[in-house]
Amino acid sequence: MCVAHEALLREWQRVKEWLAENREFLRMRDRLDSSLKLWVSRGKQKDDLLGPGLPLAEGEKLVKDFKSSLSREQSDYLHASVAERKRRKHLQERIRYTVMAAISVLAIVAGIQWLQAERQRQRRGSSA
């Protein structure tokens with residue numbers, strides 16, 4: 001019985017060490033699971049994917065460092081979250097470029113109108 005007790009204590013110590021080493025992973029995975037459950041329960045809507053900032057950064061870390069420890073559903077959720085972030089970022093860039101192009105066109109039009117007005121003013125001044 002003493003040998004079994006020592007073996008159990010030795011193994012228990014290994015479990016405690018493993019838990020201490022993997023505490024960060026376990027916390028991130030628990031947060032991921034909470035978000036995942038919401039996403040699934042609400043019909044996998046885009047609004048329930050991981051948002052930018054810490055949640056998505058943690059998700060990317062899980063994929064990078066612990067991919068083999070994730071379920072298929074967790075991996076799918078993380079990949080969907082990353083894809084949605086990329087889609088939104090691309091959309092924001094397109095909007096930014098469109099706004100910049102519109103401002104440039106307006107500046108050019110304003111400059112042309114100013115030049116035309118200036119020429120008309122000079123013609124009137126030389127005719128008078």
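Refer to the preceding data block for the structure.
Let me begin by describing the structure that accompanies this report. (Residues numbered from 1 in each chain as written. Predicted model: local features only at pLDDT ≥ 70, side-chain atom pairs only at ≥ 80, totals over all residues. Heavy atoms only, no water.)

## Some details on the overall build of the protein
Thinking step 1. For the protein, the count of helices and strands is four helices and zero strands.
Thinking step 2. Along the protein, helices and strands appear, N-terminal first, in the series α-α-α-α.
Thinking step 3. Considering the protein as a whole, with its 128 residues, one finds that 18% of them fall into the buried category.
Thinking step 4. Here the contacts in the protein between residues at least 6 apart in sequence split such that 67% fall between residues at least 24 apart.
Thinking step 5. A total accessible area of about 10,200 Å² is found for the protein, and carbon and sulfur atoms account for 58% of it.
Thinking step 6. Each charge class in the protein was averaged separately, 26 positive and 17 negative side chains, and the resulting centres sit 11 Å apart. (Helix = DSSP H or I, 4+ residues; strand = E, 2+ residues; numbered from the N terminus. Buried < 20%, exposed > 50% of the residue type's maximum accessible area, 1.4 Å probe, protein only. Contact = heavy atoms within 4.5 Å. Areas by Shrake-Rupley, 256 points an atom, 1.4 Å probe, with all protein chains shown as cover. Lys, Arg positive; Asp, Glu negative; His and termini not counted. Charge placed at Lys NZ, Arg CZ, Asp CG, Glu CD.)

## What about the pattern of salt bridges?
When the charged atoms of two side chains with opposite charge come close together, those side chains can pair.
Thinking step 1. Enumeration according to the criterion identifies 10 salt bridges in this entry.
Thinking step 2. In this structure, Lys-46 and Glu-84 form a salt bridge, with 4.0 Å as the shortest nitrogen-oxygen distance. Within this pair, whereas Lys-46 is found in the loop between helix 2 (23-41) and helix 3 (54-66), its partner Glu-84 is found in helix 4 (residues 72-127), the two being separated by 38 residues in sequence.
Thinking step 3. With relative accessibility at 48%, the residue Lys-46 sits in the partly exposed group.
Thinking step 4. Given the relative accessible area of 8%, Glu-84 is considered buried.
Thinking step 5. Through salt bridges that share partners, Lys-46, Asp-47, Glu-84, Arg-87 and Arg-88 make up one connected network. (Salt bridge = Lys/Arg side-chain N within 4 Å of Asp/Glu carboxyl O.)

## Considering the packing of aromatic side chains
Thinking step 1. Taken as a whole and judged by the stated rule, the model has two aromatic pairs.
Thinking step 2. Plain terms: the ring middles of Phe-25 and Phe-66 are 4.5 Å apart, the flat faces sit at 35° to each other, and that makes the pair tilted. Taken together, the residues span a long stretch of sequence, with Phe-25 in helix 2 and Phe-66 in helix 3 at a distance of 41 residues.
Thinking step 3. When the ring of Trp-39 is compared with that of Tyr-77, the centres are 4.9 Å apart and the planes differ by 45°; the resulting orientation is tilted. Here Trp-39 is found in helix 2, whereas its partner Tyr-77 is found in helix 4, with 38 residues between them in sequence. (Phe/Tyr/Trp six-rings, centres within 6.5 Å; stacked < 30°, edge-to-face > 60°.)

## Side note on helix 3
Thinking step 1. End to end, helix 3 covers 17 Å across 13 residues, agreeing with the expected 18 Å (1.5 Å per residue, within 8%).
Thinking step 2. Listing the buried residues of helix 3 in full gives Leu-56, Glu-58, Gly-59 and Leu-62. Considered in projection along helix 3, the buried side chains sweep an arc of 160° and stay on one side of the axis. Within helix 3, the exposed residues directed more than 90 degrees away from the buried face are Leu-54 and Lys-64. (Expected span 1.5 Å × (residues − 1). Arc of directions from axis to C-beta.)

On their own, these measurements won't tell you what the molecule is for.
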